[in-house]
Amino acid sequence: MNLSLLSMTGLGVAFLVVGCGGSRSNSKVDLSGMGPSMNAKRYANLEKLAAKDLKCTEELTPTYLGENQYQMSGCDADTTYELRCKMGQCAWVPDVKGRAEFDLACERANLTTTQLDPVTVGVSGCGKRAAYRLLGSVYSYSWTLNSPVTLEEEAQPASPSTGAAPQPQ
């Protein structure tokens, strides 16, 4: 009798542990279509990070972009994150627009990005532009300014009429 009582207690504890294990209250999100590395705990972290970055308290809409990249949308804005994992440890690479919003004194919604190489992104908006480099390890990532902030008219290529740079006189 003691053995069966012990077994029932163990079974009850097992259900309790499984029931608390990272399940999401937002059951509207189907994690099965969100890439091989996504689980409920990682999604909850992504949702919390995106809500903070977007300054949004309404429900966010996730879109899986492929290759562990996710777009989160809400409050008339969106932001993109990448999940990087190594040996079972994962971290979210933040959207570069968060850093550029401060450096360029320009709202996130007005910023556009261009991938320059695997770890460098160009950001333009509000008549300014700059390059950012991704720094970090598997535990934490951040973007750092990798060029001076320039006015877009200063950064234009050669004159379109002649194809050559204007000559000083």
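Check the entry above for the structure.
Because the structure is a prediction, the values reported are computed rather than measured.

Asker: Explain helix α3 (residues 96-103) to me, using residue names and the numbers behind them.
Answerer: The complete set of buried residues in α3 reads Val 96, Lys 97, Ala 100 and Asp 103. Along the axis of α3, the buried positions cluster into a sector of 120°, meaning they face one direction only. Where α3 is buried, its residues contact β3 (77-86), β5 (112-117), β6 (120-125), β7 (128-137) and β8 (140-145). Downstream of α3 by a residue or two, Ala 105 has a phi angle that is positive, lying close to 50°.

Asker: For the pairing of strand β4 (residues 89-93), give the residues involved together with the corresponding values.
Answerer: Pairing of β3 with β4, which is carried by five bridges, proceeds in the antiparallel orientation. Note on β4: the bridge partner recorded for Cys 85 is Cys 90. Count of turn residues in the β3/β4 antiparallel hairpin: two residues, of which Met 87 carries a positive phi of about 50°.

Asker: Provide a residue-level description of helix α2 (residues 40-54), including the pertinent values.
Answerer: The terminal C-alpha atoms of α2 lie 21 Å apart, and with 15 residues this matches the ideal 21 Å at 1.5 Å per residue to within 8%. Considered for burial, the residues of α2 that qualify are Ala 40, Tyr 43, Leu 46, Glu 47, Ala 50, Asp 53 and Leu 54. The buried residues of α2 occupy one face: seen down the axis, they fall within an arc of 150°. In α2, the exposed residues that point more than 90 degrees away from the buried face are Lys 41, Lys 48 and Lys 52.

Asker: I'd like a description of the state of the cysteines, backed by residues and values.
Answerer: Evaluated as defined, the whole model comprises three disulfides. Between the sulfur of Cys 85 and that of Cys 90 lies a disulfide, 1.9 Å long from S to S. The sign of the S-S torsion, about 110°, decides the handedness of the disulfide formed by Cys 85 and Cys 90: right-handed. Look at Cys 90 and you get partly exposed, because its relative accessible area is 25%. Bridging Cys 106 to Cys 126, the disulfide has an S-S length of 2.1 Å. On the S-S bond that ties Cys 106 to Cys 126, the torsion sits near 70°, and the link is right-handed. Of this pair, Cys 106 sits in the loop between α3 and β5 while Cys 126 sits in the loop between β6 and β7, and the two are 20 residues apart along the sequence. Here the protein chain pairs its bonded cysteines, counted in sequence order, in the arrangement 1-2, 3-4, 5-6.

Asker: So what about the environment of Gly 35? Which residues, and what values?
Answerer: Inspection of the secondary structure puts Gly 35 in the loop between α1 (2-20) and α2. Residue classification places Gly 35 among the buried positions, given a relative accessible area of 17%. Along the chain, Gly 35 and Tyr 70 lie 35 residues apart, while their C-alpha atoms are 9.4 Å from each other. Excluding its chain neighbours within four sequence positions, the residues that come into contact with Gly 35 are Tyr 64 and Tyr 70.

Asker: Explain the layout of surface pockets to me, and be specific about the residues and the numbers.
Answerer: Approximately 340 Å³ is the volume attributed to the largest pocket. Gln 69, Thr 80, Gln 115, Val 121 and Trp 143 are the residues nearest the centre of the largest pocket, which is lined by 18 residues in total. At the level of secondary structure, the elements contributing two or more residues to the lining of the largest pocket comprise β3, α3 and β5. Per element, the largest residue contribution to the lining of the largest pocket is four residues, and it comes from β3.

How each quantity is defined
Residues numbered from 1 in each chain as written. Predicted model: local features only at pLDDT ≥ 70, side-chain atom pairs only at ≥ 80, totals over all residues. Heavy atoms only, no water. Buried < 20%, exposed > 50% of the residue type's maximum accessible area, 1.4 Å probe, protein only. Helix = DSSP H or I, 4+ residues; strand = E, 2+ residues; numbered from the N terminus. Arc of directions from axis to C-beta. Contact = heavy atoms within 4.5 Å. Pairing = 2+ DSSP bridges. Expected span 1.5 Å × (residues − 1). Disulfide = S-S within 2.5 Å. 1 Å grid on protein atoms, 1.4 Å probe; cavity = no way out; pocket = protein on both sides within 12 Å on 5 of 7 lines; lining within 4 Å. Points joined across faces, edges and corners; volume = space filled by probe spheres on them.

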